[in-house]
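Per-entry structural report
Here is how the chains run, residue by residue.
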Amino acid sequence: MTNQKKEELQRLLWMANVQGFYPDKSAVELENGYQQWKEQRQSFDQLDRDFSPENIQHGPLHGDLASLSASIVFTFHYGPYRLLPRYLLAAGYQLTIVVSNTVLDRERKKYARDLADMGLPEDRLECLEAGNSMVIRKILQAISGKRLILVFLDANESVGGNENKADRGRLRVSFGGSYFYWRSNLLKLAHRCGLPVYAIHLSPKVHHTGSTWQIGDPLTVLAPVDKNNPMALLNAFTKLQECFQTMMGKDWTAWENWGLMHHYKGFDERNGWGTKNKGGWMVPFSFADKGYLFDLSRKLFYEIIVKKDNII
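In this report, we go over the structure that sits alongside the text. Bear in mind the structure is a predicted one, so any value in this text is a computation, not a measurement. (Residues numbered from 1 in each chain as written. Predicted model: local features only at pLDDT ≥ 70, side-chain atom pairs only at ≥ 80, totals over all residues. Heavy atoms only, no water.)

Focus on unusual backbone geometry
Test applied: Secondary structure counts use DSSP, requiring at least four H or I residues in a row for a helix and at least two E residues in a row for a strand, with both numbered from the N terminus.
Phi at Ala70 takes a positive value of approximately 55 degrees, unusual for a residue other than glycine. Here Ala70 is to be found in the loop between helix H3 (53-57) and strand E1 (71-76). Unlike most non-glycine residues, Lys146 shows phi in positive territory, near 65 degrees. Structurally, the position occupied by Lys146 is in the loop between helix H6 (135-144) and strand E4 (148-153).

What follows is the structure, encoded as structure tokens:
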């Protein structure tokens, strides 16, 4: 696939996802939003490349970060989020990041360079592979060692197995005119074990010389005293949703996952194996070894799924 085709596919995905959540936005607003999103990502990449120990020392740490040691901290792929680990390391925390295997392979050397640039020992930051069978035990060991466990919440809207998401440890998040999912396993673990959970994210701060990004005050999602409260888990999920809504209200184009969510509007409501549309123009294409149809009129994607047990 050429770079031009990849760019157009990204644009189509972005438009489809955003329109699914903001159905009232006009074509002009969508196009302007997409261009701003692209500019935001480029500026965040530049911040990441230009970052230095001097930036950290004079960086935008906001307010009094309550002690986040021995806790799970949820954050989001929002703003220049790749700077967040460096801010937390500069604040004195021993950091453990839970990441996917793909991210781990991509970022391992980068994290090692960051530690070297900051003059910090290697054990100040460790990465745990989320899919490892021992990850829960390792998280509990890290918490007992007074480490901060940093977890990036993703919008998980993969079409495969959507009908079983509630049974597979995922929480449905209402947003705008639609919804997506977050994984809930760590939230349930924290509630069962009486672990503190916080939510933080970077926020834009505008001043006379431009805009910077700073860490907002941590939001307490769960506290140890919530262990015996049967309503605490529901309240925690509500707080996380409110945190996300507030964050997006500051600048919705600063959320990186708009182009990555693969939102399939209406899939959960369908009982059959196909779209109920009565007509329209569908564009077929393949991406990452999967087949898709793109509805030009509704700007929605549908994955082509074959029921193999019906094939003779």
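We are not done yet, so read on.
A look at the sheet that holds strand E3 (residues 125-129)
Here is the rule we go by: At least two DSSP bridges between two strands are needed for those strands to be called paired. Angles here are taken between N-to-C directions and fall from 0 to 180 degrees, while the axes themselves are lines fitted to C-alpha atoms, restricted in helices to the stretch in contact.
Taken together, the six strands give an open sheet; going across it, the order is E3-E2-E4-E1-E7-E10, and neighbouring strands pair in mixed fashion. Pairing within the sheet leaves two strands with one partner each, and these edge strands are E3 and strand E10 (219-222). Adjacent strand axes in the sheet meet at a mean angle of 30 degrees when their direction is disregarded. Taken together, the four bridges between strand E2 (residues 95-99) and E4 define a ladder with parallel strand orientation. Each residue of the ladder has a partner; that of Val98, found in E4, is Val151.

These figures capture arrangement, not role.
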